[in-house]
Structures are given as C-alpha cells and as structure tokens.
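Examination of the molecular architecture
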Amino acid sequence: MFPQRTMLRTTQRFAANLRTPAVRQTVQRRFASSETVFTGAEDNAFNRERAAVKAHAAATSDLWRKLSIYATIPCLAIAAANAYVLWNEHWEHWSHMEPLEERTEYPYQNLRTKNFFWGNGDKTLFWNDKVNYHKKE
C-alpha cells in the first residue's frame, strides 16, 4: 500500500514540475522544425494545383447536389405516377378476363413432382389466390 501511495505522489509532483514555463518552452521548442513563424503557403506549382483541385471538387459536388435535388426527385415522382397508372391498367385488364377456374391449364404450368412442406403442399411460397389457380384432376 505504501509503495503505491509513494509512487502516486511522485508522479503528481513530476507532472506539476513539467507544467512550469521553463520546461514547457524547452519541450515545445524541441518539436518545432524551425524558429521562424510560418505565415502561409508558398506560391508554387504544387500549392496552385491543390487549390485548383479544391475549387474543382467544390464545383463538382455542388453540381451533383443540384442534380440530386432538382433532377432525381422529379424523375422519381414521374416514375411513381407511371407505375400507378400501369398498375391500375393491369387490374382493369385483369377484370375483363374469364374467372380463374375457367382458364385453360397448360401442361407446363403448376408442375408438382412432390408436395411443398408448408401449407397444404400444393401452393408455392409466393402463391397469390387472386392470380394463381391450380386445377386438380
């Protein structure tokens, strides 16, 4: 217990000594690469190219933001309206057809080699009673 307490007090004193201005200046000066104050980026080819790339990126991102707001949203609205109209036309056409029980069943429809393991074994997983019908012999 006593060695731990002594170690704790020693580290606290050492940390307090590091906070003095003389030690801080020495440590900060050690990590600086030069004593001169940096005023800004030099005007050379590399920095001019970086500035041009940054300006191009800003313009391009602004273009894509405008496209996504002013072009994509109206296109989605038009596509939704078209899908709604086609959906209603499809069911309107479907209502004029003969009932499911009277339609001809071709040999390639509703092939069953063995029963499905759900339900009554005759209906597929995506069976829809409004459009699917299976005549049993």
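We now turn to the structure provided with this report. Note that the coordinates shown come from a computational prediction; the quantities given were computed from them, not determined experimentally.

What follows concerns the overall build of the protein. Across its full length, the protein carries 3 helices and 0 strands. The linear arrangement of helices and strands in the protein, starting from the amino end, is α-α-α. Once local pairs closer than 6 in sequence are excluded, the contacts in the protein between residues at least 24 apart make up 38%.

Below, the discussion takes up the packing of aromatic side chains. Throughout the structure, instances matching the rule amount to 5 aromatic pairs. With a centroid separation of 6.0 Å and 70° between ring planes, the pair formed by Trp91 and Trp94 is classed as edge-to-face. Here Trp94 and Trp91 lie together in helix 3 (residues 45–95), a separation of 3 residues that amounts to about one turn. Note on Trp91: relative accessible area 28%, which makes it partly exposed. Here the aromatic rings of Phe117 and Trp118 are separated by 4.9 Å at their centres, their planes lie at 80°, and the arrangement is edge-to-face. Here the aromatic cluster, defined as three or more aromatic residues joined through ring pairs, consists of Trp87, Trp91 and Trp94. The lysine or arginine in question, Arg103, covers the ring of Trp94, its NZ or CZ lying 4.7 Å from the ring centre.

This paragraph deals with the side chain of Arg103. Take Arg103: it is sitting in the segment after helix 3. Of the side chains with opposite charge, Glu98 lies nearest to the buried Arg103, which makes no salt bridge, at 4.3 Å. At 3.0 Å, the side chain of Arg103 and the backbone oxygen of Glu98 are in polar contact. Sequence-distant contacts of Arg103, defined by excluding residues within four places in its chain, comprise Trp94, Met97, Glu98 and Lys135.

This paragraph deals with the pattern of salt bridges. Per the stated rule, a full pass over the model turns up 4 salt bridges. For Arg48, the salt bridge goes to Asp43, with nearest N and O atoms at 3.2 Å. A relative accessible area of 47% means that Arg48 is categorised as partly exposed. Given the relative accessible area of 65%, Asp43 is considered exposed. A single network of salt bridges, built from pairs that share partners, joins Asp62, Arg65 and Lys66.

Analysis parameters
- Residues numbered from 1 in each chain as written.
- Predicted model: local features only at pLDDT ≥ 70, side-chain atom pairs only at ≥ 80, totals over all residues.
- Heavy atoms only, no water.
- Helix = DSSP H or I, 4+ residues; strand = E, 2+ residues; numbered from the N terminus.
- Contact = heavy atoms within 4.5 Å.
- Phe/Tyr/Trp six-rings, centres within 6.5 Å; stacked < 30°, edge-to-face > 60°.
- Buried < 20%, exposed > 50% of the residue type's maximum accessible area, 1.4 Å probe, protein only.
- Lys NZ or Arg CZ within 6 Å of the ring centre and 35° of its normal.
- Lys, Arg positive; Asp, Glu negative; His and termini not counted.
- Salt bridge = Lys/Arg side-chain N within 4 Å of Asp/Glu carboxyl O.
- Polar contact = N/O pair within 3.5 Å; in protein donor to acceptor, adjacent residues only side chain to side chain.

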